[in-house]
Structures are given as structure tokens and as C-alpha cells.
Amino acid sequence: MNLHSGLVRAALIVLATVLVAIGLGNLGRPLANPDEGRYSEISREMAESGEWITPRLNGIKYLEKPPLQYWASALSLETFGDNEVAARLYVALAGLATLALTALTAARLASPAIGVATALALVASPYFMAMGGIVTLDMGLTLWTTATLCAFLLAHAPGADDGARRRWMLAAWAAMALAVLSKGLVGIVIPVAALGLHCLVRRDFSALGRMEWGYGLTLFFAIAAPWFIAVSYANPEFPEFFFIHEHFARFTGTGHRRTEPAWYFVPILFVGVLPWMFMLPSAVAHGWRVDGLGRGFPALRFAILWTAFVVAFFSASGSKLPAYILPAFPAVALVLGRYLADAPARRLAALLAPIPWVAAALGFLAWRAPGNARDAWVGGMYQAAMPWALAGAGALLVATLVGALLLLRGRRWIALCTVAVGVTLTVDYLEKAFERLAPRQSGAIVAAAMRPLLTPETRLYAVEIYDQTLPFYLGRTLRLVRYLDEFETGLKSEPARALDSLDAFAEEWGRPGDAMAIMQPGLLETFQARGLAMQVLHQDPRRILVRKP
């Protein structure tokens, strides 16, 4: 590949422009429950209160996760205002930075052509691209674990002198500390376990002697330790809750109702790299083989072991969520990028050819979804989302079909750019489809009904339900009534922040002054039977919003 070719350069410029434009255009859709509302609200409260040590959700201590993303998003909200774009900005920038780091590392370790192929492999992985527009902690974790991986590989790059190796290793230690501040001990576990696997498989422990242990550990603790010390001092319950309950108990237990089969993450990985899913086994075999031909550090084999550990580790956990394996995708892209650059174009065409059929099947499922909805309310939202979902399936079908035909003609790089642009459009259309589900997934519609009637003196209650997005849209917290879930630990130390019975709520409701409450369906009749006066402002199958007349 001649990277100075005008056609290729133009194609890459178009791809970058489309990616940035579409990414920015999708950041303003309504926040969705639960994660987007939860983490955006924690950041909003942090910015509002100026309390940067103890995170709070709905005014209650929330000690489950470290604060790096909260800090970054709080600064974004302070700078750009309390809106969806500001809430998603850190995640979006983390995704773009991860993409750039992965591509630049591949270019430096191998060649500019392989760097471009790696970038295209990751851009065309729809799961990774979609997660770049969703407020979870996993993209931030992925950025810093990827930075750890890339810095480690660059420290072992061919031709790296002692000074460069030392600098890259210290960068790896710093990135690992930021990974810990992003989501906890998993930021250590992934790189350490991948290195251990590498040493065992190679029967070569020489890499351990090049880790810069003294300076590295000092830098790691200088970055990671201060917050853990400060939060433990302010909240004595933190160490036991965070390190025992949130790590070991969550990993080994099933109390969070996230139990899934051991193979749960395997289809997520394959579907997550959708246009390349049939290439993935060949790419892994090719990466393992080519790394065995030289005497340099086997970067691709290390990336494969990294991916294998991430999938195996979270597969062994008693608690599983789809986003957990996001840190595997950049490592997979390193392997896929090499294969996309090396494999015969006709071989790539054959492995891409089934994807249009997959796209057609996805389109058929989208077309049938409204008829399969469990109620008319959801069916109506599916009906509104269906055109966008069909457009997404269509974009994938056309892009992969055209890409396969171009590969048959030997136009490798234009074909890969075509697939990447098509997948970017697919993600864009699917996010627009998901936006049509906002009445079910977000509290924005409820907040819109409350806002014109809300005064600073209005008392707000959440009765046996907590809509994670509602406080963010209101800029206010709500008094919880008979609701624990993730607030259980915080309420043990601050029980006055909630009401533990419907009787207590009824007494509160009767006090003079304006009040509103959001509650589970069915509770309205219970309260009306007890003589509580309530005016319905909004009602749907998920919740009821009432006001004191």
C-alpha cells in the first residue's frame, strides 16, 4: 500500500470526517437507563457540590467505582453545561484515543499500512464504535488498559534503546494506574495476567526483568493511591466494601442477578467485530504464526493472549454484562489489522461474502420486532424505530457486498474503507433507532412533565422505583421510598436520606407544601385507597408521576 497515493489519502480523510461528524451528531440523544443516567448524575452532583473525593448518587454515598470518569465528566459538565453531549464527551474522546493509540502502535511495530488496516478493523467493529457513545465506565477502562498494552509493546519494539524502553515502560505503569482509577483492580489484573500467560506460554521470564519495577511501582502508587487513601479516610466503610464486596464477592457470587452461561462473551466478541466475524479464526491463526517467524518480541501473540484472558476471566465471573469484554477489542484489532493487510484479497472477499446475508437477517428481525412486542406501548416505539433499524441493516448489507466485490477486483484498501464507512453508518442508524425507544429507556419525558410545575420548595419522591436519568434531567435529587438496590451501603451510613415504609411516605405526603412522586404502576390505587390526594401528570406501563393537588 502506498500511503501517499491520492486516492487512498482521500478515502482516509473522508472516513475520518464521516466518523467524527456522525460521532458528534449522536452524542445529544436522551440518556438511557441505567448506566448513562447513573454515571452522568454522579458527575453532575460532583460538579455541583465540589466534593471530589466521595462520589454520590441521588445525594447518597456511591462507593462502588473509582472516580476518574466522574472527575472528567464533572469538568465537562462544568464547562459545557448539564446536557447529554457534555455527559458523553469523555467516553467519546476515550474511544477516539483508543482507536488512535491502537493504530499508531500497529504502524510503529509493523508498518504504516498495517496501522491503517488496524484502524479500519476497529472502526468497522460495531460494538466498539457503539460503546464510544454510551456512558459506561468500560470505554475509559479500555482506553487505559489499551494504553498499558501499547506502551508495553512499544517498550519491546525492535530497535528500542534502553532510554526508549524505560520511558515506554513508565508510560505503561502510569496507564495501568489510570485504569485502576477508572474501574478498580481489573486495571491491574488484565495486564498482569496477560504478561503471566506470555511468560508461561513462551517459557521465557526475561520480560519480568525489563519492567522498571522500582520507578514503575513508585509512579503507579503516586497516581493511584492518593484517592484510595483519601476516600478511605473520609469513609471508613470503603476498603471492605470496595475491595471485598465489589471485587471478590461480585466476581464469585450471583447476587447482582447478572448470571449468564460460561460461553456468554464468545458470541458478543464475534458479533462485535461483525464484518470480520468469519475472518477472526483465520486472523488469530495468522497472527500466531507470523509472530513465530522472528526473534523479536511476539506482539501479536501477546495481543492474542491478552484477548483470551479478558474473555476467559469475565466468563468465569458470576456477574456478566456485555460491556465487560470491551478491553479485548483493541487487541483483537491489532490481530485483525495484520490479517487484513497480509491475506490475499480474494480470501478476504470469501470471508466477507456471508455478511450481507447476516445483514439481511438482521433487517428481517427489525421488521418483525413491532409485531412481537409485549404491549402496544412498546410496539409503537418499535414501529418508530424500525425504519432506522432497517436503514442500519441496509447500510451494512450494501457496504459489505460492495466491499466483497472490490476485494475480488484486488481493490483492498478502498474495499476496507467502504466497509468501515458502512459500519459507521450502521451504528449511526441503530443509535437513532434506539433513540426512538427513549420513552421507555429514559426519564426525559417524565422530567419534561415535571419541569414546568417544579419550584425549589417542591418535595420529590421516588416510591419503590428509581429512574437513573431523572435526577440528571431535573438537576435535583429525589427522596427514596422503600428502595435499596445499589443504595444499600450508602443508606446504612446515612439512613435519613430515605424513607423505609409507605406509611412514612404517606405521612410526608400529607405535610403542607408542593410535592411530586414517581412510583411503580399499581401503587396509585394503593395510595388513593388510603385517602391520599394525587393528581396524575404522566402514566405509562413503567411508571406513574403524580402531584399533590
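Parameters and conventions
Residues numbered from 1 in each chain as written. Predicted model: local features only at pLDDT ≥ 70, side-chain atom pairs only at ≥ 80, totals over all residues. Heavy atoms only, no water. Helix = DSSP H or I, 4+ residues; strand = E, 2+ residues; numbered from the N terminus. Buried < 20%, exposed > 50% of the residue type's maximum accessible area, 1.4 Å probe, protein only. Contact = heavy atoms within 4.5 Å. Areas by Shrake-Rupley, 256 points an atom, 1.4 Å probe, with all protein chains shown as cover. Lys, Arg positive; Asp, Glu negative; His and termini not counted. Charge placed at Lys NZ, Arg CZ, Asp CG, Glu CD. Salt bridge = Lys/Arg side-chain N within 4 Å of Asp/Glu carboxyl O. Expected span 1.5 Å × (residues − 1). Bend = angle between axes of the 7 residues up to and from the residue. Pairing = 2+ DSSP bridges. Axes fitted to C-alpha atoms, helices over the stretch in contact; angles between N-to-C directions. Patch = residues over 30% accessible without salt bridge, like charges linked within 9 Å, V, L, I, M, F, W, Y side chains within 5 Å. Parallel < 35°, antiparallel > 145°, perpendicular 65-115°, else oblique. Left-handed = near helix turned anticlockwise from the far one by under 90°. Phe/Tyr/Trp six-rings, centres within 6.5 Å; stacked < 30°, edge-to-face > 60°. Lys NZ or Arg CZ within 6 Å of the ring centre and 35° of its normal. Core = buried A, V, L, I, M, F, W, Y, C linked by side-chain atoms within 4.5 Å. Arc of directions from axis to C-beta.

**Quick notes on the overall build of the protein chain**
Okay, so step 1: Counting its regular elements, the protein chain contains 25 helices and 8 strands.
Okay, so step 2: Along the first, second and third principal axes, the C-alpha atoms of the protein chain reach 80 × 55 × 40 Å.
Okay, so step 3: Expressed as a percentage of the 549 residues in the protein chain, the buried residues total 55%.
Okay, so step 4: Expressed as a percentage of contacts within the protein chain between residues at least 6 apart in sequence, the contacts between residues at least 24 apart total 73%.
Okay, so step 5: Counting only carbon and sulfur atoms, one obtains 64% of the accessible surface of the protein chain, whose full area is about 22800 Å².
Okay, so step 6: Each charge class in the protein chain was averaged separately, 47 positive and 39 negative side chains, and the resulting centres sit 10 Å apart.

**A closer look at unusual backbone geometry**
Among all residues save glycine, negative phi is the norm, and among peptide bonds the norm is trans.
Okay, so step 1: Each neighbour pair has its own omega, and for Asn33 with Pro34 the value is -5°, a cis peptide bond.
Okay, so step 2: Tracing the chain through its elements places Pro34 in the loop between α1 (6–25) and α2 (35–49).
Okay, so step 3: Notably, Arg203 is not glycine yet its phi reads approximately 55°, a positive angle.
Okay, so step 4: For Arg203, the position within the fold is in the loop between α9 (186–202) and α10 (213–234).
Okay, so step 5: Positioned with a positive phi, Glu464 is a non-glycine residue whose angle comes to about 55°.
Okay, so step 6: Within the element layout of this structure, Glu464 appears in the loop between β3 (459–463) and α22 (470–474).

**What to know about the pattern of salt bridges**
Okay, so step 1: Here the structure, examined in full by the defined rule, presents 20 salt bridges.
Okay, so step 2: The shortest N-O distance in the salt bridge between Arg547 and Asp514 comes to 3.3 Å. Here Arg547 is found in strand β8 (residues 543–547), whereas its partner Asp514 is found in the loop between α24 (502–509) and β6 (515–519), with 33 residues between them in sequence.
Okay, so step 3: Judged by its relative accessible area of 21%, Arg547 falls in the partly exposed class.
Okay, so step 4: Salt bridges sharing partners connect three or more residues here, namely Asp35, Arg38 and Glu486.

**With respect to helix α18 (residues 376–408)**
Okay, so step 1: Taking 1.5 Å of rise per residue, the 33 residues of α18 would be expected to cover 48 Å, and the 47 Å separating its terminal C-alpha atoms lies within 8% of that figure.
Okay, so step 2: Of all the bends in α18, the greatest, near 40°, is centred on Ala385, and the proline Pro387 appears no more than four residues after it.
Okay, so step 3: Just downstream of α18, Gly410 is the residue with a positive phi angle, here 80°.

**Quick word on the sheet that holds β8**
Okay, so step 1: In spatial order, the strands read β5-β4-β3-β6-β8-β7; together these 6 strands make up an open sheet with mixed pairing. Strands at the two margins of the open sheet, each flanked by one partner only, are β5 (498–499) and β7 (535–540).
Okay, so step 2: Pairing of β7 with β8, which is carried by 5 bridges, proceeds in the antiparallel orientation. In the sheet register, His538 faces β8, and the bridge partner there is Leu545.
Okay, so step 3: Those strands touched by α24 are β3, β4 (479–481), β5, β6 and β8, and its axis lies near 160° from that of β3.

**Here's the deal with the environment of Gly513**
Okay, so step 1: The topology assignment puts Gly513 in the loop between α24 and β6.
Okay, so step 2: Residues Gly513 and Thr98, spaced 415 residues apart in sequence, show a C-alpha to C-alpha distance of 51 Å.
Okay, so step 3: Apart from residues lying up to four places away in sequence, Gly513 is in contact with Arg459 and Lys548.

**A closer look at a nonpolar patch on the surface**
Okay, so step 1: Where nonpolar side chains cluster on the molecular surface, the patch consists of Leu200, Phe205, Leu208, Trp213, Leu217 and Phe221 and spans about 600 Å² of accessible area.
Okay, so step 2: When residues of the nonpolar patch are assigned to their parent elements, the largest contribution, 3 residues, is made by α10.
Okay, so step 3: Mapping Leu200 onto the fold places it in helix α9.

**Thoughts on the packing of helix α16 (residues 345–352) against α18**
Okay, so step 1: Where α16 meets α18, the axes come as close as 8 Å, and the angle between the chain directions of the two elements is 155°. Accordingly, the angle class assigned to the pair α16 and α18 is roughly antiparallel. Between α16 and α18 lies a crossing of left-handed hand. Contacts from Ala345, Arg346, Leu348, Ala349 and Leu352 in α16 reach Thr400, Gly403, Ala404, Leu407 and Leu408 in α18.

**Here's the deal with the packing of aromatic side chains**
Okay, so step 1: Per the stated rule, a full pass over the model turns up 32 aromatic pairs.
Okay, so step 2: Arranged with centres 5.0 Å apart and planes meeting at 90°, the rings of Phe242 and Phe243 form a pair that is edge-to-face.
Okay, so step 3: On the basis of relative accessible area, Phe242 is assigned to the buried category, the value being 0%.
Okay, so step 4: Plain terms: the ring middles of Tyr461 and Phe505 are 5.2 Å apart, the flat faces sit at 75° to each other, and that makes the pair edge-to-face. Of this pair, Tyr461 sits in strand β3 while Phe505 sits in helix α24; the two residues are 44 residues apart in sequence, bridging distant segments of the chain.
Okay, so step 5: Judged by relative accessible area, Phe505 falls into the buried class, the value being 0%.
Okay, so step 6: Three or more aromatic residues joined by ring pairs make a cluster, and in this case those are Tyr264, Phe265, Phe309, Phe313, Phe314 and Tyr324.
Okay, so step 7: Its end group placed over the ring of Tyr39, Arg38 keeps NZ or CZ at 5.4 Å from the ring centre.
Okay, so step 8: The positively charged end of Lys432 is found above the aromatic ring belonging to Trp388, 5.9 Å away from the centroid.

**Brief notes about the pairing of β8**
Okay, so step 1: The buried fraction of β8 is high, at 4 of 5 residues.
Okay, so step 2: Two strands pair when backbone bridges link them, and β6 and β8 are joined in this way by 4 bridges, in the antiparallel orientation. Note on β8: the bridge partner recorded for Met519 is Ile544.

**Details of the nonpolar core**
Inside soluble globular proteins, nonpolar side chains tend to come together where they are buried.
Okay, so step 1: Counting residues in each nonpolar core, the largest one holds 112 residues, and the members touching the most others are Trp276, Phe302, Phe314 and Phe329.
Okay, so step 2: In contact with Trp276, not counting residues within four places along its chain, are Leu120, Ala121, Ala124, Ser125, Leu336, Leu340, Leu416 and Val419.

**So, helix α12 (residues 265–272)**
Okay, so step 1: Among the residues of α12, Phe265, Ile268, Leu269 and Gly272 are the ones counted as buried. In a view along the axis of α12, the buried residues occupy a sector of 100°, so they form one face of it.
Okay, so step 2: For α12, the secondary structure elements touched by its buried residues are α6 (126–131), α13 (280–290), α14 (299–316) and α15 (328–342).

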